[in-house]
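Close look at the chain arrangement
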Amino acid sequence: MAVYNHTAVEKKWQEFWKENPVNVDDGKKEKYYCLDMFPYPSGSGLHVGHWRGYVISDVWSRYQLIKGKYVIHPMGWDAFGLPAENYAIKTHIHPKISVSQNIKNFKEQLKQINALYDWDREVNTTDPAFYKWTQWIFVKMFEKGLAYEKEFPINWCPSCKTGLANEEVVNGCCERCGTQVTKKNLRQWMLKITAYADRLLNDLDKLDWPEKVKKMQTEWIGKSYGAEVDFKVSGDVCPDEKITVYTTRPDTLYGATFMVLAPEHPLAKKLASEENREAVEKYIFDASMKSNVDRMQDKEKTGVFTGSYAVNPINGKEIPIWISDYVLIDYGTGAIMCVPAHDDRDYAFAKKFGIPIIPVISPDGEEMTDDKLPYTEAKGIMINSGDWNGKESSELKKEAPHIVEEMGVGKKTVNYKLRDWVFSRQRYWGEPIPIIHCPHCGNVTVPEEELPLELPDVENYEPTGTGESPLAAIDSWVNCKCPKCGADAKRETNTMPQWAGSSWYFLRYVDPHNDKALVDREKADKYLPVDMYVGGVEHAVLHLLYSRFYTKFLHDIGVVDFDEPFTKLFNQGMINGKNGIKMSKSKGNVVSPDDLVRDYGCDALRLYELFVGPPELDAEWDDRGIDGVYRFLNRFYKLCLDSKDKDIKATKEMLGVRHKLVRDIEKRLEAFSLNTVVSGFMEYNNALLDIAKKEGGIDKDTLKTFAVLLAPFAPHMAEEVWHDMGESSTVFSAGWPEYDEEAAKDDSIKLPVQINGKTRAVIEVQADAAKETVLEMAKKAVEDKISAGIVKEIYVPGKIVNLVVK
RNA sequence: GCCGCUGUGGCGGAAUUGGCAGACGCACUUGACUCAAAAUCAAGCGGUUAACAGCCAUGCCGGUUCGAGUCCGGCCAGCGGCACCA
């Protein structure tokens, strides 16, 4: 029968902690802010995969707590968004109601982890007192010119008559009804995140984040250096027009044999000559009906000749102007010069349509034959390039922008892949955008004192069919007076995306009840920024980039004095079901933590969540493994019970284990190798059990040290043992133990003796033995195998002896 | 296609700057306790071998080194991200 009654013990200490809070800000302690990515409170509840990240961050938080810090470890809810809205459409239950029910359930389940969460700090993005400030930030961005309106195409399902998010488009079709998705131009609110592109890029250097995430953000921002070059249109279809292209390879200008415009380019239609007009217009129309996804899936290049020509400014040659949808209107200038000899896509296009190909770079300076093309490296000698012949292309690549600038036909430029952020949704369940459209004053912000602009109740959550949000159907809400001139005006009916609240919620946790400011500046200075952010890697770009953008903006308007929100980031791996299949209700492979907590206890599940594998990697869940950590906890507890009433004096061996334990656990914990921390506990516990067998027990100080180290991982067990050893205050006030390097050292060590790199014997030597002594012992141990004669002797103290024989 | 990560027993995984490959655990086998089972405790557990010695073993091929899971070069497989970015 198990001696450790986890249910009773865990309940006892949970009540104890409730009455004796362990994490208190006395004003003197150093702060540590450890944050989980807040969850979307879904109706299906928590599974063992959710636990993992929360256990990791809680272990880290409790570690900081024992080290004497005041830990801010909050939790909240990211509760706007599609699932709640779709549920409302189906059931006609207001999202407010379903969301609050889900939160209640989620919170109950979350409490089983018994993390250090400070529930007084709880935030909820759908609470008007919270989204007042989400709206306030928008107002400030509008005032600074960072929020603007623009016609922008969205994914549109002609059958559902609704806009779709990218993730709702599957293989170019609507996820729900299977209809081919098209595009529809709608007026959208945009946020000018591109204004921060350089800072978002450069400040990545300041961050202690996984390199992978930094790299993903760098690529997402996609900074490139190049030149804009003007090509004059020749002929009389469009006299006096010029086309500006962006290129990163101005060195290949002599090789440009055609140009291509995006179908959406303003000149695309105009450039069509009489005989080409029909084909051009058809191509442009077809492209406009294709979804972005479709357009990208086309393998074969398509295109149409406009019938017009432009003049290559470097050599005065006329080159044909084509239209093709492989050129994107929102990158660069929406037009490119094409150098088929040195670009894969241009090459494919030229081959298909029989356009001349002129090589201008050669690795050896010789003429390039067709079989060597396309040659896409910017390395080699310029050929067929007039004055530029003989130059090194990588050098020229840097000079060329200045040359075109001097010629007056272009300029040096920088481009980004990063685009401005489409910030409006034609949906109900989101923050209303606090803008009023006045016929006289234009766009006017809702006055600050009228915030929050609350989301009104509606009868119907269905999309309107016109692409407008359901809010547009509420006349009494839409019609209002202009705050500036008093004229009849209309409210904006778009709402904000789910990202809006999650882009700044971490600031609110330090001052969640403030109705005068987003966050009190003094509190912000004291508690922010976040020291450690724990969450899934799926947010590597969007959420983490948006949060950085928001933080920089709030820094610029003086709300906070730092400009990066998350100093350190840790991405935990996912927990999957059997055979690596993602846990989901539909697959029926979801493992609920509830039964495991009941049968094994919170502590055992916490340990097992870590023991399944390296925290940064994905892991497969296997219920059976939890028996191992459960047995460990019971054995440790039994050892403590057996020892507590005996007055065991610490032997040298016990002290050795104690100091090694502290040294190893601390090192592994600092390295975030949490799975090996757990195996370390087991290993040292086994060592203590062996010693206890000989000595009748283990000294109290060693067991107490063990308990303190264990406390971040298995807080209940640690507290129980701590009190069993006669302590009356909490184990979390014990302070992190220190170790003595000397005491952790063994007197003698086992040294492998190799011959030609193969271990042939193991000798035991004094730790401080002299080289000669060790070598002598080693030779003696392998006497019979070294008769051929030793060529070389290698001795690495503490590691190995290797004897090289003939 | 490009970038990144990962390949170690039946399974999850350990292994400082290159230094006893398989820690710790799961599963399994045997034994003790028990009328019996569970629980617990003890022993074993990569392959080959009757056994020891030996030999073979960290996805594959080669290299550097006294010594390679670890470093270098070339492949293969799986996972993730990006994907007409001019």
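Quantities reported herein were computed from a predicted structural model and do not represent experimental measurements.

Conventions we followed
Residues numbered from 1 in each chain as written. Chains lettered and ligands numbered in written order. Predicted model: local features only at pLDDT ≥ 70, side-chain atom pairs only at ≥ 80, totals over all residues. Heavy atoms only, no water. Helix = DSSP H or I, 4+ residues; strand = E, 2+ residues; numbered from the N terminus. Buried < 20%, exposed > 50% of the residue type's maximum accessible area, 1.4 Å probe, protein only. Contact = heavy atoms within 4.5 Å. Areas by Shrake-Rupley, 256 points an atom, 1.4 Å probe, with all protein chains shown as cover. Lys, Arg positive; Asp, Glu negative; His and termini not counted. Charge placed at Lys NZ, Arg CZ, Asp CG, Glu CD. Pairing = 2+ DSSP bridges. Axes fitted to C-alpha atoms, helices over the stretch in contact; angles between N-to-C directions. Phe/Tyr/Trp six-rings, centres within 6.5 Å; stacked < 30°, edge-to-face > 60°. Expected span 1.5 Å × (residues − 1).

As a further point, take the overall build of chain A. Assigned secondary structure in chain A consists of 25 helices and 31 strands. Based on the C-alpha atoms only, the size of chain A along its principal axes is roughly 105 × 85 × 50 Å. Evaluated residue by residue, chain A yields a buried proportion of 53% over its 806 residues. Pairs at least 24 apart in sequence give 71% of the contacts found in chain A among residues at least 6 apart. For chain A, the accessible area works out to roughly 36500 Å², and carbon and sulfur atoms hold 49% of it. For chain A, the centre of its 104 positive side-chain charges and the centre of its 124 negative side-chain charges are spaced 2 Å apart.

Turning to the pairing of strand E1 (residues 31–36), a few remarks are in order. Across the six residues of E1, six count as buried, placing the element largely inside the fold. Alternating residues of E1 divide into Lys31, Tyr33 and Leu35 and Tyr32, Cys34 and Asp36, and every residue in both groups is buried. In this structure, E1 lies alongside strand E2 (residues 70–72), joined through three bridges in parallel fashion. By the bridge assignment, Tyr33 is partnered in E2 with Ile72.

Looking now at the sheet that holds strand E30 (residues 790–796). The strand order across the open sheet built from four strands is E29-E28-E31-E30, with neighbouring strands paired in mixed fashion. A single partner strand is all that each edge strand has here, and the edge strands are strand E29 (758–766) and E30. In this sheet, adjacent strand axes meet at a mean angle of 20° when their direction is disregarded. Examined bridge by bridge, E30 and strand E31 (residues 800–805) share six bridges and lie antiparallel to one another. In the sheet register, Lys792 faces E31, and the bridge partner there is Val804. Most of the contacts of helix H25 (residues 771–781) go to E29, to which it runs at about 135°, and overall it touches strand E28 (748–755), E29, E30 and E31.

Tallied over the entire structure, the rule returns 46 aromatic pairs. Summarising the aromatic geometry, the rings of Tyr63 and Trp736 are spaced 4.7 Å apart at their centres and angled 75° between planes, so their arrangement reads as edge-to-face. Of this pair, Tyr63 sits in helix H2 (residues 48–66) while Trp736 sits in the loop between helix H23 (715–724) and helix H24 (741–744); the two residues are 673 residues apart in sequence, bridging distant segments of the chain. Comparing Tyr63 with Trp736 shows no difference in burial state: the two are buried.

Here the focus is the environment of Pro401. Among the structural elements, Pro401 can be located in helix H11 (residues 393–407). Residues within four places of Pro401 in sequence aside, it is in contact with Gly226, Ala227, Pro250, Leu396 and Lys412.

Turning our eyes to something else, we now look at helix H20 (residues 652–670). Helix length check: H20 (19 residues) gives 27 Å between terminal C-alpha atoms against 27 Å at 1.5 Å per residue, within 8%. Three or more residues of H20 are buried, namely Met654, Gly656, Val657, Arg658, His659, Lys660, Leu661, Val662, Asp664, Ile665 and Leu669. Taken together, the buried residues of H20 touch H2, helix H21 (674–695), helix H22 (700–710) and H24. One or two positions beyond H20, positive phi appears at Phe672, with a value near 60°.

This part takes up the pairing of strand E10 (residues 224–234). Among the eleven residues that make up E10, eight are buried, leaving the element largely enclosed by the rest of the structure. Bridge analysis of E10 against strand E18 (residues 410–415) gives six bridges, and the strand direction is antiparallel. When the bridges of E18 are listed, Val229 appears paired with Gly410. Relative to strand E11 (residues 242–247), E10 runs antiparallel, the two sharing six bridges. Across the sheet, the residue bridging to Val229 is Val245, located in E11. Sheet topology places E10 next to strand E13 (residues 304–311); three bridges connect them, and they run antiparallel.

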